[in-house]
Amino acid sequence: MAAALELIAGSYEQVAFGYRVDAEGEEWTARPDFTHHAHLASISAVAASERFVVTGSKDETIQLYDMRSKTEHGSLLHHDGDITCLEFYGSDHLLSGGEDGLICVWSTKKWECIKSIHAHKGHVTSLSVHPSGKLALSVGTDRTLRTWNLITGRSAFIKNIKHNAEMVRWSPEGDKYAVVHNDTLSIYDLETASVTGTLTNPKRISCVKFLSNSVLAVAGDDDVVRLCDVKTEKWLCEFKAHETRVKAVDCFHMDDFCVVATASNDGFIKLWKLHLKEELERPTLLLEVNTTARLTCLALWKPSSVQQVTEEREKPTSSQEITIQLSKMKRKVRLCTETVILEDESKPKKKKKRGGKKQANKTV
C-alpha cells in the first residue's frame, strides 16, 4: 500500500476505534491502533484530516484526537445541541453542524471558531463541501436546501424542498449533488439547481457515497449495499455487506480498483474490492474487523489523499484569483489561509480593525 491507512469508527458506546490497515499483495490485514473514549453520549459523526480525527456526539461536544502523537487534543464547545455532521476541507478548516441550527467553521491552527452561521431554523441534518472548497451545501429540518458561499461565509441560495432531507453529498467533480429523504434519492444539477433524476431504495437510506462521478453507493436499514448509476437512474448491482443494517459507507482508490469501506450495527468494519467498469460485478471482501460495538459512523484516515487536495488548492486557480476578484468589489477582506471571509459591513471601519478576531467569532 502506498500510504498508511486507518479505519476510524464511532459507536453508540461512546468510543471511537482506530484500526491500522496493511496490504501486501493480495493479503490485507487490520490491527487495533487506538481507542478514544472522550464522550459522555453516543458518537454521531466522525471526520479525519491529515493530522486530526474529530468526533461529534450527542453530548454536544466535538473531541479532537491527534493522529501523530496518538493522544487527545482537547474538545470544541460551541454548539448547543447534538453534533450532527462534521467535514474537513484539506487540513486547515473543519465545518460542523448541529441540532442548534448552526454551522461553525473552525481553523485547525488554533482550533478557533472563525465563523458561526445560523444556517437553518431547525436542525442541521447534513452538510457537504464542494471539491473546490468555495461552496458548501446544507440541509435541515426546516425543509430547505441551502448553498453557502465559503468565500464570504454567507448564504448564496436557498431552495425550498417538500421534505426534511437527511443527507446531502457533492459528486467528486462537483457538477451534481445527491439529496436523501427517507428512501428517496434525488440527484440535482449544479447549474440549474433542479432534479435530474430520482431513485427509490427498498429501505430507508442511512448513508450514501459517490464512488465515482456517476456511481453512487447506497445503504439503508438492511444488510445490503446497492450501487446505482446517477446518469441513467438505474441500479447496477447489490451485495450483502453485513448481518444487520449498514450505518456508514466510505471509499478510497487504489491504482486499478476502488476500495469500499462499510460499517454496521453488527460491529464489523469491512473493506471490499470493486472494479469500476461499464458492467459492474459484485465486490470481493478484502478484510473485516469486529469491534464488538454498535457502530454509528465511519471515516478513513489516509494522509496521501489530504496532501493531494492541498496540492490542488495551491494552484493559482484558488485563493489568488478569489482575492483579486473580491478586491474589485472595494470591500475590506481578511484572509484566513485559503478561505476569504468578509467582515460584517454593518460595523464602523475603526471597530473592524480592533475587533477582527472577535467579529469572526460572532454568530450571524
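Check the entry above for the structure.
What you see as residue numbers is a count from 1 along each chain, following the sequence as written. Owing to the predicted nature of the model, reporting of local features is limited to residues with pLDDT of at least 70; listing and counting of side-chain atom pairs is limited to 80 or more, with chain, interface and lining totals taken over all residues. Only hydrogens and water are removed before side-chain values are computed, so all heavy atoms of the structure are retained for them.

Undergrad: What's the story with the overall build of the protein chain in this structure? I'm lost.
TA: Looking only at helices and strands, the protein chain features four helices and 30 strands. Think of it in three bands: with a 1.4 Å probe and only protein chains considered, a residue is buried below 20% of the maximum accessible area for its type, exposed above 50%, and partly exposed in between. Here the protein chain holds 364 residues, and the buried ones make up 54% of them. A total of about 17,100 Å² of accessible surface is found on the protein chain, and carbon and sulfur atoms cover 47% of it. Counting from the N terminus, the helices are the DSSP runs of H or I reaching at least four residues and the strands are the DSSP runs of E reaching at least two. Exposure was quantified through the Shrake-Rupley algorithm and a 1.4 Å probe, taking into account, for residues, occlusion by the shown protein chains and nothing else.

Undergrad: Can you walk me through unusual backbone geometry in this structure?
TA: Generally, phi is negative for residues other than glycine and the peptide bonds are trans, each holding for most cases. Even without a glycine there, the phi angle at arginine 143 is positive, about 60°. Under the relative-accessibility criterion, arginine 143 is labelled partly exposed at 46%. The backbone phi angle of alanine 193 is positive, close to 55°, even though this residue is not glycine. Residue placement: alanine 193 occurs in the loop between β18 (184-189) and β19 (195-200). By relative accessible area, alanine 193 is classed as buried at 13%.

Undergrad: Can you walk me through the sheet that holds strand β3 (residues 27-36) in this structure?
TA: Ordered by their spatial adjacency, four strands build an open sheet running β3-β2-β1-β28, and the pairing between neighbours is antiparallel. Each edge of the sheet is formed by a strand with only one pairing partner; in this case those strands are β3 and β28 (295-301). Strand-to-strand, the axes of this sheet are offset by a mean angle of 25°, without reference to chain direction. In this description, strands pair whenever DSSP reports at least two bridges between them. Pairing geometry for strand β2 (residues 16-24) and β3, over nine bridges, is antiparallel. In the strand pairing of β3, glutamate 24 is matched with glutamate 27. Angles here are taken between N-to-C directions and fall from 0 to 180 degrees, while the axes themselves are lines fitted to C-alpha atoms, restricted in helices to the stretch in contact.

Undergrad: It is not clear to me how the pattern of salt bridges should be interpreted in this structure. Could you clarify?
TA: Two side chains carrying opposite charge are able to pair once their charged atoms lie near each other. For this document, the term salt bridge refers to a Lys or Arg side-chain nitrogen within 4 Å of an Asp or Glu carboxyl oxygen. On inspection of all chains with the given rule, the structure shows 18 salt bridges. Between glutamate 13 and arginine 294 there is a salt bridge, with the nearest N and O atoms lying 3.0 Å from each other. Here arginine 294 lies in the loop between β27 (284-290) and β28 and glutamate 13 lies in the loop between β1 (5-11) and β2, a separation of 281 residues in the sequence. Connected through salt bridges with shared partners, the residues Glu6, Asp33 and Lys70 form a single ionic network.

Purely geometric stuff here, so don't read any function into it on its own.
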